[in-house]
Amino acid sequence: MKEPLSTFAADVDAASYSNVRRFINAGNLPDKDAVRVEEMINYFQYQVEGPKNGEPVNIVTELTKAPWNNAHQLMRVTLKAKDIPTDKLKASNLVFLIDVSGSMMGPGRLPLVKSSLKMLVDQLRDIDRVAIVTYAGSAGVKLESTSGSQKMKIKTAIDELEAGGSTAGAAGIKKAYEIARQNLVKGGNNRIILASDGDFNVGESSDESMEELISKESKSGVFLTVLGYGMGNLKDSKMEILADKGHGNYAYIDNISEARKAMVTEFGGTLFTVAKDVKIQVEFNPNYVQAYRLVGYENRLLEAEDFNNDQKMGGDMGVGHVVTALYEIVPVGVNSTMVGKVDPLKYQQNSTKNIAVKGNGELATVKFRYKEPDGDKSKLQQQVVQAKVTELNKASEDLRFATAVAELGMLLRDSDFKQQANFDSLIARAKTAREQMMRVIVPNLSEWQKMHVTYRKRKCRRLKIQAKSHYYSIENCV
């Protein structure tokens, strides 16, 4: 193994899954570049133990066999951010940055933006404040910073928005950061929420210029959440860049249920950062690992030396966020077509002769670094992964479900590493894992039947029992 270190930035973005779902629901296959496997995996909720002893993040690891190649192994690395009750969250200084250009006309765009943001307004407390900046041909302030107690005033300003004109996105971003800085809450949650289809066509609009603009503005202590809308001209790559460089996260909103997930169910994770510049580095033991590959995260890879360099950005994690990475491993002694071959090197020493740690049962060491939301110096945590492989059918429900999502992503991308991946196998595994999760989360399903009868007796117009990720929720009759 020539490169025992794997280094990457954590990624909590989940936009790819909802975007892929939109394509499939419309009867089309998604573009390969739109399928980011790590975002698909991290879209779902997992049952992971939170951190203890005041730490903001906990590490969980697991090792099983790869479902698409039984001779290979699959290592799970999961980070779980701490949960914080809503009433304990810091005061927020928010700026809604809303694209009202002509490309935002029609259902699924500005009307859905309005509904989404009004859900968010309902979550605000009296100590929170919101301003609204809009942009089309130019940028303007629709609502000065207003207390969260004035919900009707904020919602009225949102309802008055209309789409039309060109798209001066850079001007809007500059104005939003200006307003956020003017109302900065020291030690609080200062954040811009950008709602757009990413179709910037006036002023600075290239990926490079937008990346430079956001990187510069993010040093002000203001974070950026990006919400993508729109069906045709969504500039997915540009939206992801903005979120990554703005110390934030990116979600794609294609319907009202997805809006509720981002604005209500995952309110804390969407808006409140507990650890920033999170970077992960895994060192594999060549006595057990012949080769490995990180599943997904292609645009989040870092150089090995970047891990200890606090000037290099990582990813950010919000309240309750879970980040999962999967490594496919070729064990020592396994003949695999996935492992490339090179001729023996003439001038290099055999590095395995100098390995201090040999067959001690340690497959790998996982390290991660993070900074406090208002900090500049990173902290280190690490955990050893033992070379003890669990059969796939005995692995955790979380891992089995995650492998099914990863397998789906590889098939949709037509990955060179898909091997024996197939739809029937992944669907069956996902269903079994989901059912077992539900038995843990909702142990007495007969209670749901009783609730169903109760609602029927009330003659409600609609009862909706819905599977969301791995858990059930009941929406009240409307």
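Scope of this entry: the structure provided in the associated data block. (Residues numbered from 1 in each chain as written. Predicted model: local features only at pLDDT ≥ 70, side-chain atom pairs only at ≥ 80, totals over all residues. Heavy atoms only, no water.)

1. Some remarks on the overall build of the protein chain
Thought 1: In terms of helices and strands, the protein chain carries 12 helices and 17 strands.
Thought 2: Relative to its 478 residues, the protein chain shows a buried fraction of 52%.
Thought 3: Look at the contacts in the protein chain between residues 6 or more apart in sequence, and 78% of them connect residues 24 or more apart. (Helix = DSSP H or I, 4+ residues; strand = E, 2+ residues; numbered from the N terminus. Buried < 20%, exposed > 50% of the residue type's maximum accessible area, 1.4 Å probe, protein only. Contact = heavy atoms within 4.5 Å.)

2. Details of helix α1 (residues 15–25)
Thought 1: For α1, a buried count of 8 out of 11 residues is recorded, marking the element as mostly surrounded by other parts of the structure.
Thought 2: Along α1, the positions that sit buried rather than exposed are A15, S16, Y17, S18, N19, V20, R22 and F23.
Thought 3: Buried positions along α1 lie against α2 (37–41), α7 (236–245), β9 (250–252), α8 (256–265) and α10 (397–413).
Thought 4: Just past α1, the residue G27 takes up positive phi, approximately 85°.

3. Things to note about the pattern of salt bridges
Here the idea is simple: oppositely charged side chains can pair when their charged atoms come close.
Thought 1: Tallying each qualifying case throughout the model produces 25 salt bridges.
Thought 2: Between K32 and D414 there is a salt bridge whose closest N-O contact spans 3.9 Å. With K32 in the loop between α1 and α2 and D414 in the loop between α10 and α11 (423–441), this pair connects stretches of sequence that are 382 residues apart.
Thought 3: Ionic pairing is found between K142 and E160, a salt bridge with its closest N-O pair at 2.9 Å. Taken as a pair, K142 in strand β6 (residues 139–147) and E160 in the loop between α4 (151–159) and α5 (169–182) lie far apart in primary sequence, 18 residues in all.
Thought 4: What you see here is one network of salt bridges that share partners, running through R21, D254 and E258. (Salt bridge = Lys/Arg side-chain N within 4 Å of Asp/Glu carboxyl O.)

4. Things to note about the sheet that holds strand β3 (residues 69–81)
Thought 1: Sheet architecture is open: 4 strands sit in the order β2-β3-β13-β11, paired in antiparallel fashion. Each edge of the open sheet is held by one strand with a lone partner, namely β2 (57–66) and β11 (289–295). Strand-to-strand twist in this sheet, taken as the mean axis angle between neighbours without regard to direction, amounts to 25°.
Thought 2: Note: β2 against β3, 10 bridges, orientation antiparallel. Paired with N58 across the bridge in β3 is K80.
Thought 3: Relative to strand β13 (residues 322–331), α10 is tilted by about 75°, and along the sheet it contacts β2, β3, β11 and β13. (Pairing = 2+ DSSP bridges. Axes fitted to C-alpha atoms, helices over the stretch in contact; angles between N-to-C directions.)

5. Considering the side chain of T64
Thought 1: Within the secondary structure layout, T64 lies in strand β2.
Thought 2: Judged by its relative accessible area of 0%, T64 is buried.
Thought 3: Excluding residues that lie within four positions of it along the chain, T64 makes contacts with Q73, L74, V389, T390, E391, L392, A395 and L399.

6. Overview of the packing of aromatic side chains
Thought 1: Counting across every chain of the model gives 11 aromatic pairs.
Thought 2: Ring centres of Y43 and F44 lie 5.2 Å apart, and the angle between their planes is 80°; on these two criteria the pair is classed as edge-to-face. In this pair, the class of Y43 matches that of F44, namely buried.
Thought 3: Seen in terms of ring centroids, F284 and Y292 are 4.3 Å apart; in terms of plane orientation they differ by 25°. Their pairing is stacked.
Thought 4: Given a relative accessible area of 1%, F284 falls into the buried group.
Thought 5: Ring pairing ties together the aromatic residues F8, F284, Y292, Y297 and Y327, which thus form one cluster.
Thought 6: Over the ring of F23 we find R22, and its NZ or CZ is 4.7 Å from the ring centre.
Thought 7: Of note, K261 hangs over the ring of Y43, and the distance from its end group to the ring centre comes to 4.0 Å. (Phe/Tyr/Trp six-rings, centres within 6.5 Å; stacked < 30°, edge-to-face > 60°. Lys NZ or Arg CZ within 6 Å of the ring centre and 35° of its normal.)

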